[in-house]
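# Commentary on secondary and tertiary structure
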Amino acid sequence: MSKTLIFGHKNPDTDTITSAIAYAELKSKLGENVEAVRLGEVSAETQYALDYFGFQAPRLVENVADEAEQVILVDHNERQQSANDIDKVRVAEVIDHHRIANFETSGPLYFRAEPVGCTATILNKLYKENGVAIRKETAGLMLSAIISDSLLFKSPTCTDQDVVAAKELAAIAGVDAEAYGLDMLKAGADLSDKTITQLISLDAKEFSMGSYKVEIAQVNAVDTNDVIGRGADLENALNEIIAAKGLDLFLLVVTDILNNDSIGLALGGKAQAVEKAFNVTLDDNKALLKGVVSRKSQIVPVLTETLSAM
């Protein structure tokens, strides 16, 4: 039986990496030949979780068709966020919690997308449905994913199902979710050693919005000025990406994990869409996005609606 690769989106976050590991472990226990891999570098937050619970990061790949005929996608479904050669392999399954866009297959597949805050919440159900117990260490990784995606249960994307799953997983892992979660988020928000290139690519995703091409990058910080304060160098780097990729808009969202607000830095020909979408005025290309912490539920939908009407 040929191997199936399991992976999440490019520029992986904690949910992406840990869900690939957790789902690969479930599939292996069910007798399937699978391997978790990753499409990008591991963030400091994710590395903290991996180290804490004793895991190695999955190996890095860019292309998948040269070593697998079929793959399983977790934490994404949009093709521009996936492997470079995703069109050359069969997508056997998708486990996701995002919008469904720019996705089609030539054959049937198992597609599970639920309106919850984290892929790990769905995986928690899949373990139960298959009668497989979650190992202590794996439960810790899955808990880390929920904490990350929900900003320690403060994000509007966080559902009751996520909270229940987190409590179950914390009990299995033997950790205090609040104390561990704050330490993990702070580890991810330490930006002191990050270059500008790293900052704007750590958690960046491309989207098709109407007829426009948009990239949205999000960075969590204790002090937003650690990112925004890099000024002209930061804007120059974003403009280079806009030119190289032919983007209509690049929105960098720097989220204050303590106050649950964000600063948006918008560049590109359609930067004014940010003003219209959030009812703000860009000052030096920046605006306070009060109460905005979720790209998935608070940014992508309103920007998509705005740009689709332009």
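The structure reproduced in this document is the subject of the present report. Computed from a predicted structure; not experimentally measured.

The helix and strand tally for the chain stands at 11 helices and 11 strands. When the backbone C-alpha atoms are referred to their principal axes, the chain occupies close to 55 × 45 × 35 Å. Across the 310 residues that make up the chain, the buried fraction comes to 56%. For the chain, contacts bridging at least 24 residues in sequence account for 65% of all contacts bridging at least 6. For the chain, the computed accessible surface area is about 12,900 Å², with 48% contributed by carbon and sulfur atoms. For the chain, the distance from the average site of its 29 positive side-chain charges to the average site of its 46 negative ones is 3 Å.

Glancing now at the nonpolar core. Grouped together as the largest cluster of nonpolar side chains are 48 residues, with contacts concentrated most on I6, Y23, M142 and L143. For this core, the secondary structure elements donating two or more residues are α1 (14–29), β2 (34–38), α2 (44–52), β4 (70–74), α3 (119–129), α4 (136–150), α5 (160–173) and α6 (177–188). Apart from residues lying up to four places away in sequence, I6 is in contact with A20, Y23, A24, K27, V34, E35, A36, V37, I72 and V74. One finds F207, I216, V253 and L307 within the second-largest nonpolar core, a separate group that totals 23 residues.

With respect to topology, six strands assemble into an open sheet ordered β3-β2-β1-β4-β5-β6, the strand pairing being parallel. Because the sheet does not close on itself, it has two edges, and the strands there are β3 (59–60) and β6 (110–113). Summarising the sheet, β4 and strand β5 (residues 90–96) pair through five bridges and their orientation is parallel. The residue bridging Q70 from the neighbouring strand is R90, located in β5.

Another point: the side chain of T138. As for its placement among the helices and strands, T138 is situated in helix α4. Of the polar contacts made by the side chain of T138, one reaches the side chain of E25; its length is 2.9 Å. The contact partners of T138, leaving out residues within four places of it in the chain, are A22, E25, F55 and Y127.

Enumeration according to the criterion identifies 19 salt bridges in this entry. The partner of E35 in a salt bridge is K3, with the nearest N and O atoms 3.0 Å apart. Here E35, found in strand β2, pairs with K3, found in the segment before β1 (4–7); they are 32 residues apart in sequence, far enough to count as distant. By relative accessible area, E35 is classed as buried at 18%. Taking relative accessible area as the criterion, K3 reaches 32% and is therefore assigned partly exposed.

Even without being glycine, L151 reaches a positive phi, approximately 50°. Tracing the chain through its elements places L151 in the loop between α4 and α5. On the accessibility criterion, L151 (7% relative accessible area) is buried. Phi is positive for N285, which is not a glycine, with a value near 70°. Along the chain, N285 falls in the loop between α10 (272–278) and β11 (286–289).

Now for α4. An α-helical turn contains 3.6 residues, so any two residues separated by three or four positions project in the same direction. The terminal C-alpha atoms of α4, which comprises 15 residues, lie 21 Å apart, in line with the 21 Å expected from a rise of 1.5 Å per residue. Across the 15 residues that make up α4, a large majority, 13, are buried.

Taken together, L182, V222 and L258 make up a surface patch of nonpolar side chains, about 220 Å² in accessible area. By the secondary structure assignment, V222 is in the loop between β8 (212–221) and α8 (225–228).

Within β5, six of the seven residues are buried, which leaves the element mostly enclosed by the surrounding structure. Of the pairings in the sheet, the one linking β5 to β6 comprises four bridges and is parallel in character. Pairing of V94 across the sheet is with F111, part of β6.

The subject of this paragraph is the sheet that holds strand β7 (residues 204–209). The mixed open sheet is built from five strands, whose spatial order is β7-β8-β9-β10-β11. Since the sheet does not close on itself, it has two edges, and those belong to β7 and β11, each with one partner. The average angle at which neighbouring strand axes cross in this sheet is 25°, direction not considered. Strand direction decides the pairing type here: β7 and β8, joined by six bridges, are antiparallel. Within the sheet, the bridge partner assigned to K205 lies in β8 and is I216.

By the definition in use, this model includes six aromatic pairs. Geometrically, the ring pair formed by Y52 and Y180 is tilted, given 4.8 Å between the ring centres and 55° between the ring planes. Here Y52 is found in helix α2, whereas its partner Y180 is found in helix α6, with 128 residues between them in sequence. Grouping aromatic residues by their ring pairs yields a cluster made of Y48, Y52, F53 and Y180.

Rules used in this analysis
- Residues numbered from 1 in each chain as written.
- Predicted model: local features only at pLDDT ≥ 70, side-chain atom pairs only at ≥ 80, totals over all residues.
- Heavy atoms only, no water.
- Helix = DSSP H or I, 4+ residues; strand = E, 2+ residues; numbered from the N terminus.
- Buried < 20%, exposed > 50% of the residue type's maximum accessible area, 1.4 Å probe, protein only.
- Contact = heavy atoms within 4.5 Å.
- Areas by Shrake-Rupley, 256 points an atom, 1.4 Å probe, with all protein chains shown as cover.
- Lys, Arg positive; Asp, Glu negative; His and termini not counted.
- Charge placed at Lys NZ, Arg CZ, Asp CG, Glu CD.
- Core = buried A, V, L, I, M, F, W, Y, C linked by side-chain atoms within 4.5 Å.
- Pairing = 2+ DSSP bridges.
- Polar contact = N/O pair within 3.5 Å; in protein donor to acceptor, adjacent residues only side chain to side chain.
- Salt bridge = Lys/Arg side-chain N within 4 Å of Asp/Glu carboxyl O.
- Expected span 1.5 Å × (residues − 1).
- Patch = residues over 30% accessible without salt bridge, like charges linked within 9 Å, V, L, I, M, F, W, Y side chains within 5 Å.
- Axes fitted to C-alpha atoms, helices over the stretch in contact; angles between N-to-C directions.
- Phe/Tyr/Trp six-rings, centres within 6.5 Å; stacked < 30°, edge-to-face > 60°.

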